[in-house]
Amino acid sequence: MALTILFSTFTLLLLIGTPIAFCLGIASFATVLYLGIPPVIVFQQMNAGISVFALMAIPFFIYAGDLMVRGGIAARLVALAASLVGHMRGGLGQVNIAASTLFGGISGSAVADASAIGGLMIPQMRARGYDVDYAVNVTVTSSIIALMIPPSHNMIIYSISGGGQISIADLFTAGIIPGLLLAMGLSVAAWYVARKRGYPITAFEGWGNIGRRALGAIPGLILIAIIFGGVRSGVFTATESSCIAILYALLITLLVYRSMGWADFVEATVGAVRTAAMVLLIIGAAASFGWLLAYLSVPSQMIDFMQSLTSSPLVIFLLLNILLLFLGTFMDMSPLIIITTPIFLPVVTAFGMDPVHFGVILILNLGIGLCTPPVGAVLFVGCAVAKIRVAQAIRTIWPFYGAAFAVLLLVTYIPALSLWLPSVFK
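About the thresholds
- Residues numbered from 1 in each chain as written.
- Predicted model: local features only at pLDDT ≥ 70, side-chain atom pairs only at ≥ 80, totals over all residues.
- Heavy atoms only, no water.
- Phe/Tyr/Trp six-rings, centres within 6.5 Å; stacked < 30°, edge-to-face > 60°.
- Helix = DSSP H or I, 4+ residues; strand = E, 2+ residues; numbered from the N terminus.
- Buried < 20%, exposed > 50% of the residue type's maximum accessible area, 1.4 Å probe, protein only.
- Polar contact = N/O pair within 3.5 Å; in protein donor to acceptor, adjacent residues only side chain to side chain.
- Contact = heavy atoms within 4.5 Å.
- Core = buried A, V, L, I, M, F, W, Y, C linked by side-chain atoms within 4.5 Å.
- Patch = residues over 30% accessible without salt bridge, like charges linked within 9 Å, V, L, I, M, F, W, Y side chains within 5 Å.
- Areas by Shrake-Rupley, 256 points an atom, 1.4 Å probe, with all protein chains shown as cover.
- Salt bridge = Lys/Arg side-chain N within 4 Å of Asp/Glu carboxyl O.
- Axes fitted to C-alpha atoms, helices over the stretch in contact; angles between N-to-C directions.
- Parallel < 35°, antiparallel > 145°, perpendicular 65-115°, else oblique.
- Left-handed = near helix turned anticlockwise from the far one by under 90°.
- Nonpolar A, V, L, I, M, F, W, Y, C, P; charged D, E, K, R; others polar.
- Expected span 1.5 Å × (residues − 1).
- Bend = angle between axes of the 7 residues up to and from the residue.

### Overview of the packing of aromatic side chains
Link 1 in the chain: Taken as a whole, this structure holds 11 aromatic pairs when the rule is applied.
Link 2 in the chain: Between Y130 and Y199, the ring centres sit 4.8 Å apart and the planes meet at 45°, which makes this aromatic pair tilted. Of this pair, Y130 sits in the loop between helix 7 (110-127) and helix 8 (132-143) while Y199 sits in the loop between helix 11 (176-197) and helix 12 (207-233); the two residues are 69 residues apart in sequence, bridging distant segments of the chain.
Link 3 in the chain: Since its relative accessible area comes to 4%, Y199 is described here as buried.

Structural data, given as C-alpha cells:
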C-alpha cells in the first residue's frame, strides 16, 4: 500500500503538470504520513541529499560552460570543427556533431550544448539551405555526447547515487569511447540523411586553415585536457577541477579573447545560480524519494522479480534498457538517476555487471530520453532555438534515434567499450 501511495501520488502530480521536485517531495511526504514515520525525515533526507561536497562541481561546471559560450570559446571550437569536417556531405551537420563533441568536453551538459551549439549552427544551416528539421535533429541528438565525456555532470550524480563508492575518475574515463562511438554513429546518420536529401559537398579549406583555427581554439582544448587529466591523475577532485575551469574561463575570456563584457558576466553568474538552485532542489527531493524506495525494500523486490522472469543476464540487460528508455521519455534525467540507481544497481551487479559499465549505460539511456517527447528537455531547447514545433522535428529524427540505439546495444553487450580505458589508466 505504501508503494501504491508513493507511485500513484507521484504519477498523478506529474500528469497534471506539477514541477518534478514537488512531485517527488509531496509523494514522499504522503508516504511517510501513511507509514507513521515522522515527516521531518523527508526534510532530513533532502538535506542529506544535497549536503554532498562533490555536488558543488555541477553548478561550477555549468557556470564555466556559460562563461565560455559568452566569451567566444564555443564559437572558436565550432570554427575548428568546420575546418576539419565541413567538406563532407552535408558538411554543416558534420560540423554540428564535431562541435558538440568538443564543446561537451567543456560544458558537460546536454542542455548547454544544445543551446550553445544550436544557437550558433542552426541559423547558419538554415541560411545555407539545410532543412530546419535536419538542423534540429543533428543538434539535439549530438548534444547528448556531452553526457558521456568528461566533465559530465550526470556521471557525478550517478557516483553519489551509488553511495559514493564509484570512482568519478573511472566514470569520466569509461564514457570517452562510448561518447566517440556515439559521435561516429550520428555522423553516419547525418551523412545518410544529407545524401538522401541531396545536400551539397563543399571544398576542403586546406591544412593551413585548420592550423589557424586550431591555434585559436587551443585555450578551449587545453581546458579539456586540464579537466580530464587533473581528475584522472588525482591531482585534484572533480569539484576542484570545476573551480579551476571557472578561473581558467575568466582568464581566457577577459585577458586573451577580451570578448566578454560586464553585462555578460552578470548574466552568466545569475544564470548559474538559478540553474544550481533548480538542480539541487530536484536532487534533494529525489534523495528523499530514493530513501523511501530503499526503506520499502524495492531493490531486493526488483531482483527477485527479474530472477523470476529469466536467469539470462543478456535478457535482463535488454529489459532494463527498455524500461529505462521508457522512463526517460517521462522524467528528467537527474531525478531519474537518483531514483533508479539504488533500484537497478543491485540488480545488474547481481547479474555480473560492473557498476562503472552500468553507469555508462544508464547515462546513455536517459540521454536518449532527453531527445524524446513528452518530457525531452534537449528536444525542447533545439526546437525553441529553431522556432519549430516538436512534431515537425520528431517526424524525421528516426535515423538519429537508430544510430543512438545501435550504440546503446553495443555499449551494453560489449563491456570492454566502457571498461578498457579505465583499466589502462589504472
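Continuing now.
### So, the side chain of S187
Link 1 in the chain: Among the secondary structure elements, S187 is positioned in helix 11.
Link 2 in the chain: With a relative accessible area of 18%, S187 lands in the buried category.
Link 3 in the chain: Polar side-chain contacts of S187 include one of 2.4 Å to the side chain of Q94.
Link 4 in the chain: Not counting the four nearest positions on each side in its chain, S187 is found in contact with Q94 and I97.

### Considering the nonpolar core
Link 1 in the chain: Ranked by size, the top nonpolar core spans 144 residues in total, and within it Y134, V136, F358 and F400 carry the most contacts.
Link 2 in the chain: The contacts of F358, once residues within four sequence positions are left out, are Y158, L324, F344, L345, V348 and M353.

### A word on a nonpolar patch on the surface
Link 1 in the chain: Side chains of F305, L309, L314, V315, L318, L319, I322, L409, L410, Y413 and I414 sit close together on the surface and give an oily, nonpolar patch of about 930 Å² of accessible area.
Link 2 in the chain: The set of elements that each furnish at least two residues to the nonpolar patch consists of helix 15 (298-309), helix 16 (313-328) and helix 21 (398-413).
Link 3 in the chain: At five residues, helix 16 tops the list of elements feeding residues into the nonpolar patch.
Link 4 in the chain: Here L309 shows up in helix 15.
Link 5 in the chain: Here L309 falls in the partly exposed class, since its relative accessible area comes to 48%.

### What about the packing of helix 1 (residues 2-15) against helix 2 (residues 20-35)?
Link 1 in the chain: For the pair helix 1 and helix 2, the least separation of the axes is 8 Å and the interaxial angle reads 155°. As summarised for this structure, helix 1 and helix 2 are arranged roughly antiparallel, according to the angle between their axes. In terms of crossing hand, the pair formed by helix 1 and helix 2 is right-handed. Contacts from A2, I5, L6, T9, F10, L13 and L14 of helix 1 reach helix 2 at I20, F22, C23, L24, I26, A27, S28, A30, T31, Y34 and L35.
Link 2 in the chain: Class assignment for the residues of the contact of helix 1 with helix 2 results in 15 nonpolar, three polar and no charged.

### Concerning the packing of helix 12 against helix 13 (residues 238-256)
When two helices pack together, their arrangement is given by the angle between their axes and by how far apart the axes lie.
Link 1 in the chain: The contact between helix 12 and helix 13 brings their axes to 9 Å, and the two run at 165°. Considered as vectors, helix 12 and helix 13 are oriented roughly antiparallel to each other. Crossing of helix 12 over helix 13 shows right-handed handedness. When helix 12 is examined against helix 13, the residues P219, I222, L223, I226, I227 and V231 are found in contact with a partner set consisting of A238, S241, I244, A245, Y248 and I252.
Link 2 in the chain: Among the residues forming the contact of helix 12 with helix 13, the class breakdown is 11 nonpolar, one polar and no charged.

### Digging into the pattern of salt bridges
Link 1 in the chain: As enumerated under the stated definition, the model contains two salt bridges in all.
Link 2 in the chain: Between R197 and D131 there is a salt bridge; the shortest N-O distance is 3.1 Å. Taken together, the residues span a long stretch of sequence, with R197 in helix 11 and D131 in the loop between helix 7 and helix 8 at a distance of 66 residues.
Link 3 in the chain: According to the relative accessible area criterion, D131 is partly exposed, its value standing at 35%.
Link 4 in the chain: Here R197 makes a salt bridge to D133, at a shortest N to O gap of 3.0 Å. You can see R197 sitting in helix 11 and its partner D133 sitting in helix 8, a full 64 residues away along the chain.
Link 5 in the chain: Of the residues examined, R197 reaches a relative accessible area of 30% and is grouped as partly exposed.
Link 6 in the chain: A relative accessible area of 10% places D133 in the buried class.

### Comments concerning unusual backbone geometry
Link 1 in the chain: Put simply, P150 and P151 share a cis peptide bond, and its omega is 5°.
Link 2 in the chain: With respect to the helices and strands, P151 occurs in the loop between helix 8 and helix 9 (153-161).
Link 3 in the chain: Despite not being glycine, K387 shows a phi value in the positive range, around 60°.
Link 4 in the chain: Mapping K387 onto the fold places it in the loop between helix 19 (377-386) and helix 20 (390-394).
Link 5 in the chain: K387 gets classed as exposed once you look at its relative accessible area, which sits at 72%.

### A short note on helix 7
Link 1 in the chain: Its 18 residues give helix 7 an end-to-end C-alpha distance of 25 Å, which sits within 8% of 26 Å, the value for a rise of 1.5 Å per residue.
Link 2 in the chain: Maximum bend of helix 7: about 45°, positioned at G118.
Link 3 in the chain: Just downstream of helix 7 lies G129, where phi reads positive at about 95°.

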